[in-house]
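Architecture and fold: a report
Here is how the chains run, residue by residue.
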Amino acid sequence: MLFDGLHEQIPDIDPDETDDWLQSFAAVVEERGKNRARFLIRRLMSKAREMQVDFPATVSTPYINTIAPEDEPWFPGDEDIEKRLRAFIRWNAVAMVTHANSWADGIGGHLSTFASSAALYDVGFNHFWHGKDDGEPGDHIYIQGHAAPGIYARAYLEGRLDDTDLEHFRREIGRTGLSSYPHPRLMPEFWEFPTVSMGLGPITAIYHARFNRYLHNRRIDNTSESKVWCFVGDGETDEPETLGALHLAARERLDNLIFVVNCNLQRLDGPVRGNGKIIQELEANFRGSGWNVIKVIWGGRWDELLARDRDGVLLNKMNETIDGEYQRYSVESGQYIRERFFGPDPRLREMVQHLSDEDLQTLPRGGHDYKKLYAAYQAAVEHEGSPTVILTKTVKGWSLGPDLEARNATHQIKKLNRTQLMTIRERLRLHNEIDAEFDPDDPPYCRPAPGSAEHEYLMARRKALNGPLPKRIGNWCRKALPMPSSKPFEEFSAGSGEMAVSTTMAFTRMLRAMTREPGFGDRVVPIIPDEARTFGMDSLFRELGIYASQGQLYEPVDHDLLLSYTEHIDGQILEEGITEAGALASFTAAATSYATRGVAMVPFYTFYSMFGFQRVGDMIWALADMRGRGFLMGATAGRTTLMGEGLQHQDGHSPLLASVVPPCQAYDPAFAYELAAIVQDGIRRMYGVGEDVFYYLTIYNENYVQPPEPDDLAVEDLLAGLYRYAPSPPGRAHSGTILFSGSAQGAARAAAELLAAEHDVGVDLWSATSYKALREEALSCERWNTLHPDDPQQVPFVTRQLADGMGPVIAVTDFMRAVPDQVSRWIGRDYTSLGTDGFGHSDTRSRLREHFEITAEHITVAVLWRLAELGEIDSSAAAEAIKRYGLATDSADPWSAAAH
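Residues numbered from 1 in each chain as written. Predicted model: local features only at pLDDT ≥ 70, side-chain atom pairs only at ≥ 80, totals over all residues. Heavy atoms only, no water.

1. A short note on helix 18 (residues 370–382)
Look at helix 18: 18 Å from first C-alpha to last across 13 residues, which is about the 18 Å you get at 1.5 Å a residue. Those residues of helix 18 that fall on the buried side of the exposure criterion are Tyr-370, Lys-372, Leu-373, Tyr-374, Ala-375, Ala-376, Tyr-377, Gln-378 and Ala-380. Between the side-chain oxygen at the start of helix 18 and the backbone nitrogen of Lys-371 there is a gap of 3.0 Å, and the oxygen is on Asp-369. (Helix = DSSP H or I, 4+ residues; strand = E, 2+ residues; numbered from the N terminus. Expected span 1.5 Å × (residues − 1). Buried < 20%, exposed > 50% of the residue type's maximum accessible area, 1.4 Å probe, protein only. Polar contact = N/O pair within 3.5 Å; in protein donor to acceptor, adjacent residues only side chain to side chain.)

Set out below in structure tokens:
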């Protein structure tokens with residue numbers, strides 16, 4: 001007996017009535033069978049929902065369409081014209097990819113994804129998706145990356161692209177071409193959302209829909225007319241990011257979000273669930289997460305068969321057939337289908353005896369039926385209270401002929417031969433438009449002539465929906481963003497007096513001041529992944545409020561404290577919980593709002609620096625592709641500042657990872673005034689000038705007295721990456737230079753004092769705020785010099801800055817040595833770096849710095865060693881210093897693998 005514990009614990013107030021129901025149900029099972037019993041249960045549950053009798057939802061329903069034929073709305077389009085248009089689009093998508101692979105070794109492209117999903121996009125483009133031509137943001141469409149050729153093909157029909165554009169699919173060097181996938185960085189007026197890195201589109205779409213609600217609830221922008229549509233492949237759902245945030249969408253009641261999962265049952269190499277049923281699995285996942293689920297499995301020609309299924313045998317067969325078999329049926333003959341699918345049961349065979357083998361072979365799947373899809377889309381946009389997913393069944397490579405349809409290798413086929421192209425021409429009925437003698441290596445493009453019924457229909461549909469999509473508007477300004485005054489940044493130039501504070505504390509104070517700036521402050525978006533108290537940012541809770549779409553329905557345990565946990569429907573802080581991926585998705589939505597909605601927002605995402613580029617580096621790369629703007633704040637930065645946490649928490653490499661992202665402006669500030677100058681200039685560049693860059697700034701949890709900015713500070717040098725913090729004390733016998741950044745400032749300054757007091761060495765102290773900036777400027781000079789050998793040669797900024805110094809240069813960082821080594825070849829002097837290569841350890845700051853050899857004493861020894869190597873002092877000076885400071889010489893190398 002199945003025991004769920006529920007019926008055993010709830011008292012039965014009328015046992016006789018209960019017994020009547022149970023006996024009646026048993027009689028149905030005995031006399032009419034289990035299928036009839038299941039039908040009655042479903043009807044009872046449907047009636048219960050209708051009468052608002054709450055009952056836990058079943059996570060899986062029969063393998064049929066959710067919307068019954070009698071419940072389908074009238075299809076308002078001209079189906080014949082839409083099929084004609086779809087034929088043109090399909091052909092041009094194939095021709096474009098074939099062209100791209102007809103010369104040299106070919107450059108790739110994908111045919112089968114769009115072939116399976118063409119109708120999914122056509123119904124949206126023709127009837128649902130609103131554009132931007134009326135000055136409003138319209139809908140936000142996340143298109144599957146591999147479907148890009150079909151989207152280009154539609155834009156070609158609309159006149160947005162020409163033959164030359166299509167000829168330059170995947171050929172972008174030297175002219176504006178068509179990028180391989182949706183890339184806003186490469187096509188800044190066309191694509192909005194990069195989606196081809198699997199799983200990133202879905203999680204980004206979810207948080208985008210949530211951010212639209214955030215904008216609405218905070219009364220910054222009316223987002224009520226915008227839907228977020230996300231197209232997903234069933235194989236893509238294997239990625240954790242695809243399904244990992246479903247609960248958030250349901251919890252936030254995001255009925256402005258619609259997923260369309262193209263269930264063609266195939267991954268890139270083979271079946272998604274050959275031994276199972278991916279649609280049923282996904283239905284359980286989505287429904288169990290609180291989503292409204294609409295299944296579009298069968299095309300309209302199945303309706304008649306299902307209506308005749310009095311005994312439920314067809315439904316049984318649909319339910320028990322697994323995906324590997326369905327994939328096989330899509331490539332086999334009608335006779336095979338008759339024998340294998342309908343044949344074993346005489347009742348099924350009789351049900352299709354009036355259908356020919358060709359009829360059976362062409363029974364359509366729901367994802368290729370305009371009317372079924374229109375009904376699903378209409379139900380989705382009308383649904384309220386929860387997000388919707390449409391699970392639609394298709395055939396991968398649909399319409400591409402028997403060599404491609406549903407074949408395991410279809411995703412990898414990039415080029416078609418003449419026979420295959422002729423088959424497609426025949427299937428699409430383009431005999432009049434495409435000459436039969438075309439060159440298979442140069443298939444012609446074709447589109448309806450202006451003024452034709454097809455062209456007029458195409459353009460009229462998009463005009464009715466406010467213009468073409470996809471479309472991106474850079475530096476779009478529906479609502480101007482006033483720049484902040486200098487007030488939030490000025491106080492940091494004076495330092496912290498005698499008070500020891502961390503740069504994280506300084507940033508929190510700066511952030512609070514920015515939120516108080518008239519006009520600008522409301523646009524600041526603080527984002528935190530459940531670490532506000534770790535970062536000392538909980539003081540912002542009550543002042544700014546934590547965003548909660550339902551407000552705060554409880555009184556928190558700390559309600560009587562000044563720093564209580566305070567949620568508001570119009571709260572400003574996005575406190576995302578323990579999800580770096582979700583927080584970065586929120587950041588992306590805010591960082592791109594200037595383009596997607598014409599409303600610039602200023603996000604500051606503060607996170608454990610170890611869990612930034614290392615954990616969600618792919619999402620940061622997508623952010624760069626989307627031309628996002630904002631500030632990533634790597635808190636608890638450095639390998640040695642985070643005491644006690646150890647290997648997986650101590651970050652010694654994020655500036656190096658940040659250096660590989662082209663638009664990322666990576667800084668490692670040591671002092672509060674540096675941080676203020678960088679943030680202020682970043683706001684100017686991103687929101688004043690409109691540069692498509694974003695910032696990564698390290699901030700530390702180590703408290704020390706923040707010095708005032710030097711009287712002769714050249715802010716432009718600070719922003720360029722290197723400025724002189726303090727000159728060498730006069731009158732010393734020997735000279736050197738120490739570069740520091742971030743928390744290494746303490747050891748560097750102490751080393752300067754030791755060298756002057758005990759070794760008669762005077763060193764210039766330089767703050768290296770950005771090795772990435774220094775390297776990029778130096779590379780630019782190097783390129784110029786290489787290509788202009790007869791012109792005056794440019795000298796890199798880092799070389800010019802250090803040119804007047806004497807002696808060796810020692811760079812010290814709390815990150816691995818590769819960070820300062822980025823500029824080694826342009827120093828122009830003897831150069832050595834000290835850093836924290838290797839794994840982190842649990843211990844105190846002082847012990848960690850001794851272990852990694854970045855203390856003041858180790859810096860001092862390094863300077864003496866290099867002076868000796870340069871012949872400026874006796875070689876014994878370094879050895880004597882090692883003894884004086886008690887530095888270990890016989891322990892394992894802290895940078896070696898063996899030491900860890």
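2. Remarks on the sheet that holds strand 10 (residues 574–575)
The sheet built from six strands is open, its strands ordered 10-7-11-12-14-13 with parallel pairing. Edge strands, defined here as strands with exactly one partner in the open sheet, are strand 10 and strand 13 (664–667). The pairing of strand 7 (residues 524–528) with strand 11 (residues 602–608) spans four bridges and is classified as parallel. Its bridge partner being in strand 11, Val-524 is matched across the sheet by Val-602. The strands touched by helix 28 (residues 672–689) within the sheet are strand 11, strand 12 (631–635), strand 13 and strand 14 (694–698), with strand 14 carrying the most contacts at an inclination of about 170 degrees. (Pairing = 2+ DSSP bridges. Contact = heavy atoms within 4.5 Å. Axes fitted to C-alpha atoms, helices over the stretch in contact; angles between N-to-C directions.)

3. Structural notes on the sheet that holds strand 16 (residues 723–726)
Within the open sheet, the five strands sit side by side as 16-18-17-19-20. Their pairing is mixed. Edge positions in the sheet fall to strand 16 and strand 20 (831–834), since each of these pairs with one other strand and no more. In this sheet, neighbouring strand axes are inclined to one another by 30 degrees on average, regardless of whether the strands run parallel or antiparallel. Where strand 17 (residues 734–740) and strand 18 (residues 761–767) come together, seven bridges link them in parallel fashion. Residue pairing in the sheet places Gly-736 in a bridge with Val-763 of strand 18. In this fold helix 30 (residues 745–759) packs onto strand 16, strand 17, strand 18 and strand 19 (809–812), with an angle of close to 165 degrees to the strand it touches most, strand 18.

4. Details of the nonpolar core
The biggest cluster of nonpolar side chains holds 86 residues, and the ones touching the most others in it are Ile-206, Leu-257, Phe-259, Trp-291, Phe-342 and Leu-632. With nine residues, helix 8 (residues 200–217) is the largest single contributor of residues to this core. Setting aside its immediate chain neighbours within four residues, Trp-291 contacts Ile-206, Leu-246, Ala-249, Ala-250, Leu-257, Phe-259, Phe-286, Ser-386, Pro-387, Thr-388 and Val-389. Ala-506, Phe-604, Tyr-695 and Ala-752 belong to the second-largest nonpolar core, a separate cluster that totals 83 residues. (Core = buried A, V, L, I, M, F, W, Y, C linked by side-chain atoms within 4.5 Å.)

5. Focus on unusual backbone geometry
The omega angle of the peptide bond from Leu-469 to Pro-470 is -5 degrees, so this bond is cis rather than trans. By secondary structure assignment, the location of Pro-470 is in the loop between helix 20 (453–464) and helix 21 (487–490). Even without a glycine there, the phi angle at Arg-170 is positive, about 65 degrees. Looking at the element boundaries, Arg-170 is found in the loop between helix 7 (163–167) and helix 8. Look at Glu-853: it is not a glycine, yet its phi comes out positive at around 60 degrees.

6. Looking at helix 30
For helix 30, with 15 residues, the first-to-last C-alpha span of 20 Å sits near the 21 Å given by 1.5 Å per residue. Three or more residues of helix 30 are buried, namely Gln-745, Ala-747, Ala-748, Ala-751, Ala-752, Leu-754, Leu-755, Ala-756 and His-759. For helix 30, the secondary structure elements touched by its buried residues are strand 15 (704–705), strand 17, strand 18, strand 19, helix 34 (856–869) and helix 35 (876–885). At the C-terminal side of helix 30, Asp-760 shows a positive phi close to 55 degrees.

7. A few points about a negative patch on the surface
A cluster of acidic residues, Asp-12, Asp-14, Asp-16, Glu-17, Asp-19 and Asp-20, forms a negative patch on the protein surface. By the secondary structure assignment, Asp-19 is in helix 2 (residues 15–32). (Patch = residues over 30% accessible without salt bridge, like charges linked within 9 Å, V, L, I, M, F, W, Y side chains within 5 Å. Areas by Shrake-Rupley, 256 points an atom, 1.4 Å probe, with all protein chains shown as cover. Salt bridge = Lys/Arg side-chain N within 4 Å of Asp/Glu carboxyl O. Lys, Arg positive; Asp, Glu negative; His and termini not counted. Charge placed at Lys NZ, Arg CZ, Asp CG, Glu CD.)

8. Notes on the packing of aromatic side chains
Tallied over the full model, the rule gives 49 aromatic pairs. When the centroid spacing of 5.0 Å and the interplanar angle of 65 degrees are considered together, the rings of Phe-259 and Trp-291 count as edge-to-face. Within this pair, whereas Phe-259 is found in strand 3 (residues 257–263), its partner Trp-291 is found in the loop between helix 11 (278–288) and strand 4 (292–296), the two being separated by 32 residues in sequence. Residue classification places Phe-259 among the buried residues on the basis of a relative accessible area of 0%. On the numbers, 4.6 Å between centres and 0 degrees between planes, the contact of Phe-604 with Phe-631 is stacked. Placement of Phe-604 in strand 11 and of Phe-631 in strand 12 is noted, with a sequence separation of 27 residues between them. (Phe/Tyr/Trp six-rings, centres within 6.5 Å; stacked < 30°, edge-to-face > 60°.)

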